[in-house]
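# Report on the structure
One letter stands for each residue in the lines below.
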Amino acid sequence: MSRFSSFLEELPKDRTIYVICRSGNRSSTAANYLTMKGFDAVSVSGGTVEWIKAGKPVAVGMEEG
């Protein structure tokens, strides 16, 4: 969250941005922030915990850029 403002100009304004965190709380805050900045942003409900429970694919070991 603290780094959002430093990369806003890199985010697409022409498509939906899906934001996800472990439980869905921080991603909800982030999605609201992005929406206030003019982006079409959605928090993934339930976060990665529910994503994994639902059997959705997960990439492990991705480096932060």
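Described in the following lines is the structure provided in the data block. Per chain, residue numbering runs from 1 following the sequence as it is written. In keeping with the predicted nature of the model, local features appear solely for residues at pLDDT of at least 70, side-chain atom pairs appear and are counted solely at 80 or more, and the whole-chain, interface and lining totals rest on all residues. With hydrogens and water stripped out, all remaining heavy atoms of the structure feed into the side-chain values.

## Structural notes on the overall build of the protein
Here is the rule we go by: Secondary structure elements follow DSSP: runs of H or I of four or more residues count as helices, runs of E of two or more count as strands, with numbering from the N terminus. Should any heavy atoms of two residues lie within 4.5 Å, those residues are considered in contact. In this description, accessible areas are obtained by the Shrake-Rupley approach with a 1.4 Å probe, and a residue is regarded as covered only by the protein chains that are shown.
Along its length, the protein carries 3 helices and 2 strands. Secondary structure elements of the protein occur, N-terminal to C-terminal, as α-β-α-β-α. Each of the three principal axes of the protein carries a C-alpha extent, and together these read 30 × 25 × 25 Å. Contacts in the protein between residues at least 24 apart in sequence constitute 57% of all its contacts with a sequence separation of at least 6. Of the accessible surface of the protein, which amounts to about 5100 Å², a share of 52% is contributed by carbon and sulfur atoms.

## Regarding a nonpolar patch on the surface
Convention followed: Each patch is built from salt-bridge-free residues with over 30% relative accessible area, joining like charges within 9 Å and nonpolar side chains (Val, Leu, Ile, Met, Phe, Trp, Tyr) within 5 Å. Criterion for a salt bridge: a side-chain nitrogen of Lys or Arg within 4 Å of a carboxyl oxygen of Asp or Glu. Between buried and exposed lies partly exposed: a residue is buried under 20% and exposed over 50% of the maximum accessible area for its type, with that area taken using a 1.4 Å probe on protein chains only.
Together, Ile20, Trp51, Ile52, Val58 and Val60 make up a nonpolar patch on the protein surface, roughly 480 Å² of accessible area in all. Within the fold, Trp51 resides in helix α3 (residues 47-53). For Trp51, a relative accessible area of 31% corresponds to the partly exposed category.

## Looking at the packing of aromatic side chains
Which entries qualify depends on this criterion: Ring pairs shown here join Phe, Tyr and Trp side chains whose ring centres sit within 6.5 Å, with only the six-membered ring taken for Trp; geometry is labelled stacked below 30 degrees between planes, edge-to-face above 60, and tilted in between. Only lysine NZ and arginine CZ atoms are considered, and such an atom sits over a ring when it is within 6 Å of the ring centre and within 35 degrees of the ring normal.
Applying the stated criterion across every chain yields a total of 0 aromatic pairs. One residue, Lys13, lies across the ring of Phe39, its end atom 4.6 Å from the ring centre.

## Focus on the environment of Arg22
Structurally, Arg22 is set in the loop between β1 (17-19) and α2 (25-36). In this structure, the C-alpha to C-alpha distance between Arg22 and Gly47, residues 25 residues apart in sequence, is 4.9 Å. For Arg22, the contacting residues outside a window of four places in its chain are Gly46, Gly47, Thr48 and Val49.

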